[in-house]
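Here is what each chain is made of, one letter per residue.
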Amino acid sequence: MTQDIESLLNQMTLEEKAALVTGATAWTSTPVKRLGIPSMMVTDGPHGVRKVNNLDDVASESLPATCFPTASCMASSWDPGLVRAVGEAIAEECIALGVNVILGPGTNIKRSPLGGRNFEYYSEDPYLSGRMATSFIHGVQSKGVGTSLKHYATNNQEYQRFSISSEVDERTLREIYLPAFEAAVKDAMPWTVMCCYNKVNGVYGSENHYLLVDILKEQWGFDGLVVSDWGAVHDRVKSLKGGLDWEMPGPDPRRTQAVVDAVKNGSLDSAALDESARRILRIVMKASETKLGGKFDVDAHHALARRVAAEGMVLLKNNGILPLQSMNHIAVIGKAAQAAHFQGGGSSHINPTRVDVPFVELQKLAGAAELTYAQGYPADDSQQPALIEQAVQVAKTADVALLYIALPGFKESEGYDRSDLDLTRQQVALIQAVSAVQPKTVVILNNGAPVVMSEWIDGVAAVLEAWMMGQAGGGAIADVLFGRVNPCGKLAETYPVKLSDTPSYLNFPGENGAVRYGEGIFVGYRYYDARQVPV
Ligand code: GLC
């Protein structure tokens, strides 16, 4: 293989190399037909394949694929084998859908629970994050499909993500924000690593020679390619000097020409261009060895998604009411019982092959019990007392009240951070009103990141953290509530009592173009333990 790569490289013209280091489209690499170098396709994301129907329209609907639970749920299983199985299944769907590289896993550390993409990341702890990312990569790549370990590095917020500088001291970088990437690179060697949008100590991730070359390629021995986050390159020549091998999306003729000119006028060493072209060729030729096409087992992957969701769910409180037994009348309250809230917004959004309706899945396991539904809360942030009153009427005559509480999409997504850790006012009022008339109240949460509960947790009998649970989450919730699955998931991130208790509270999300990681290594449980802050 090496010989082939070198001989191919030696046959390529300057113009062909300059074209190769930028994508041909939003999702494909540039082929060199003259030399038989094929194109490679990449697409999102960390918990399912988002292959758009129309390559020229990034906003077009994607092809149906299994939407697995998001990373925060998977990490709570603490089960590397399970995460590997998800990787294998996603690889099978990549092959069927014609995708060479899946743009995941995301393994950024959860510095603040306000982070808008925390649902896509594993943990506040570097070791667990590294183990999860490594397992996912092994799973995917065992099938001849590549991965993209992202977003390297210190991309821990959405606020000004394209420009803000993460100001991190060396020890904190090395002990908290890099180890998960280091472990995954050294143990699983992802085909690609995706650089972050933000700056790290003043230098863009797409031009950061210290991160991309000194650490990633030289100290860790990474031999794959570094791809930019989409639109993260600001100056193609500077990014090549910084070790950024493949700019996405493409094409960008002006930038390609700028690379040709820079080599010709001596401002860019041709060896730097060759090294990036070499790394791209290595991955493109490796990808071409996997035959794409065929089908994937929709039912088997849906069943796996259900198992993973149940394994990741965490029983945060239970006074003994769970598992449900001999219930004749069950009040099922909350919009999320009829419309599953199973994934987050942004680039990871999947078009699922099917979606369990939680209410229906509950009915299947509830035997002869009568189920009565009440919506409980609206889709928006409005307060509607009538919905609460209706729910109270249903709850007080039932044997148990199940409250399906989903954090609304406008609260957490790629692209913006949360401004608080609260449920909506209506949801808090609903939980308080229902639990006031029905002591046997169970709260089932669908959220990607921690919410505060102190206003209502003492009044309810049980709390099940069901996360962004994937398309089969409705069935998984029913499995746990009725005891078909023992909820053995454990939190992979701290749930603070209130926002102002969080370690980054005084320094999040930064100002004047910079965010200081002033808490240093005291992220997550390291902080709460050191300061003995209750959680
Ligand atoms: C997005 C995300 C990245 C994703 C890429 C392609 O902006 O930051 O995670 O893989 O662009 O959609």
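Conventions and cut-offs
Numbers given for residues are sequential positions, taken from 1 along each chain in its written order. Local features in this predicted model are restricted to residues of pLDDT 70 or higher, and side-chain atom pairs are both shown and tallied only at a pLDDT of 80 or more, whereas totals for entire chains, interfaces and linings draw on every residue. Side-chain calculation: all heavy atoms of the structure are included, whereas hydrogens and water are not. Axis geometry follows a simple rule: fit a line to the C-alpha atoms, using only the stretch in contact for helices, then measure angles between N-to-C directions, giving values from 0 to 180 degrees. Numbering of helices and strands starts at the N terminus; helices are DSSP runs of H or I of at least 4 residues and strands are runs of E of at least 2. Any angle between 65 and 115 degrees counts as roughly perpendicular, while under 35 counts as roughly parallel, over 145 as roughly antiparallel, and the rest as oblique. Note on convention: near helix rotated counterclockwise from far helix by under a right angle means a left-handed crossing. Clockwise means right-handed. Should any heavy atoms of two residues lie within 4.5 Å, those residues are counted as being in contact. For this classification, Asp, Glu, Lys and Arg are treated as charged, while Ala, Val, Leu, Ile, Met, Phe, Trp, Tyr, Cys and Pro are nonpolar and the rest, including Gly, are polar. In these notes, a set of buried Ala, Val, Leu, Ile, Met, Phe, Trp, Tyr and Cys residues joined through side-chain atoms within 4.5 Å is what counts as a nonpolar core. Each residue is assigned to one of three classes by its accessible area relative to the maximum for its type, calculated with a 1.4 Å probe on protein chains only: buried under 20%, partly exposed between the two thresholds, exposed over 50%. Any helix carries an expected span of 1.5 Å times its number of residues minus one. Distance and chemistry together define a polar contact, namely a pair of N or O atoms within 3.5 Å, with one atom able to donate a hydrogen and the other to accept it when in protein, and with adjacent residues in sequence counting only for side-chain atoms on both sides. Two strands qualify as a pair provided DSSP detects at least 2 bridges between them. Any carboxyl oxygen of Asp or Glu that lies within 4 Å of a side-chain nitrogen of Lys or Arg is treated as forming a salt bridge with it. It suffices for a single heavy atom of a residue to lie within 4 Å of a molecule or strand for the residue to be listed as near it. For the accessible areas, the method is Shrake-Rupley and the probe is 1.4 Å, while residue cover comes only from the protein chains on display.

### Digging into the packing of helix 4 (residues 80-97) against helix 12 (residues 298-312)
- It is at 11 Å that the axes of helix 4 and helix 12 come closest, and there the two elements cross at 150°. On the basis of the axis angle, helix 4 is roughly antiparallel to helix 12. Where helix 4 crosses over helix 12, the two elements pack in a sense that is left-handed. Taking contact as the criterion, the partners of Leu82, Ala85, Val86, Ala89, Glu92 and Glu93 in helix 4 are, on helix 12, His301, Leu304, Arg307, Val308 and Glu311.
- Split into classes, the residues belonging to the contact of helix 4 with helix 12 amount to six nonpolar, one polar and four charged.

### As for the nonpolar core
- Core analysis: the biggest nonpolar cluster contains 171 residues, and Tyr152, Trp230, Ile330, Ile333, Leu402, Tyr404 and Leu481 have the highest contact counts within it.
- If you tally residues by element for this core, the top one is helix 4, at ten residues.
- Beyond its immediate stretch of four places on either side in the chain, Ile333 contacts Ala374, Gly376, Ala391, Ala395, Ala401, Leu402, Leu403, Tyr404, Leu430 and Val434.
- Leu114, Val452, Leu499 and Phe508 belong to the second largest nonpolar core, which has five residues in total.

### Some words on the environment of His329
- Take His329: it is sitting in strand 10 (residues 329-333).
- Along the sequence, His329 and Ala232 sit 97 residues apart, while their C-alpha atoms lie 55 Å from each other.
- Ignoring any residue separated from it by four or fewer positions in sequence, one finds His329 in contact with Glu370, Thr372, Val394, Thr397, Ala398, Asp399 and Val400.

### Details of helix 4
- With 18 residues, helix 4 extends 26 Å between its outermost C-alpha atoms, agreeing within 8% with the 26 Å of an ideal straight helix rising 1.5 Å per residue.
- Where burial is concerned, most of helix 4 is hidden: 13 out of the 18 residues are buried.
- For helix 4, the side-chain oxygen to backbone nitrogen distance between the N-cap and Gly81 is 3.0 Å, and the N-cap itself is Asp79.
- Where helix 4 terminates, the next one or two residues include Gly98, which has phi positive at roughly 80°.

### Points about the sheet that holds strand 9 (residues 314-318)
- Taken in spatial order, the six strands of this open sheet run 9-14-13-12-10-11, and their pairing is mixed. The open sheet has two free edges, formed respectively by strand 9 and strand 11 (370-374), since each of these has just one partner strand. Ignoring which end each strand starts from, the neighbouring axes of this sheet average 15° apart.
- With four bridges joining them, strand 9 and strand 14 (residues 462-465) adopt antiparallel strand pairing. Bridged to Lys317 within strand 14 is Val463.
- Packing of helix 14 (residues 385-396) onto the sheet brings it into contact with strand 10, strand 11 and strand 12 (400-406), and relative to strand 10 it is tilted by some 160°.

### Digging into the side chain of Asn118
- By the secondary structure assignment, Asn118 is in the loop between strand 2 (101-102) and helix 5 (126-141).
- Leave out the neighbours within four places in its chain, and Asn118 touches Ser72, Lys110, Ser112, Pro113, Gly448 and Ala449.

### Quick word on the pattern of salt bridges
- Under the defined criterion, the tally for this structure stands at 34 salt bridges.
- Its salt-bridge partner being Arg34, residue Glu16 comes within 2.7 Å of it at the nearest N-O pair. On the criterion of sequence distance, the pair formed by Glu16 in helix 2 (residues 14-20) and Arg34 in the loop between helix 2 and strand 1 (42-43) is long-range, its members being 18 residues apart.
- Of the residues examined, Arg34 reaches a relative accessible area of 53% and is grouped as exposed.
- Across the salt bridge formed by Glu247 and Arg255, the nearest N and O atoms sit 2.2 Å from each other.
- What you see here is one network of salt bridges that share partners, running through Arg117, Glu120, Glu158, Arg161 and Glu414.

### What to know about the sheet that holds strand 8 (residues 225-227)
- Pairing in this open sheet of five strands is parallel, and the strands run 1-2-3-5-8 from one edge to the other. In the strand order of this sheet, the two ends are held by strand 1 and strand 8, each with one partner.
- Bridge analysis of strand 3 (residues 146-152) against strand 5 (residues 192-195) gives three bridges, and the strand direction is parallel. Directly across from Ser148, in strand 5, lies its bridge partner Thr192.
- Each of strand 3, strand 5 and strand 8 touches helix 8 (residues 209-219); the most contacted strand, strand 3, lies at about 130° to it.

### A closer look at the site of the ligand
- Taken together, 14 residues sit near the ligand, with Asp44, Arg117, His151, Tyr197 and Asp229 positioned nearest.
- Asp44 is positioned such that a nitrogen or oxygen atom in its side chain is 2.5 Å from an oxygen atom of the ligand.
- Notes on the ligand: free accessible area 310 Å², of which the protein chains cover 94%.
- Counted by class, the shell around the ligand contains five nonpolar, two polar and seven charged residues.

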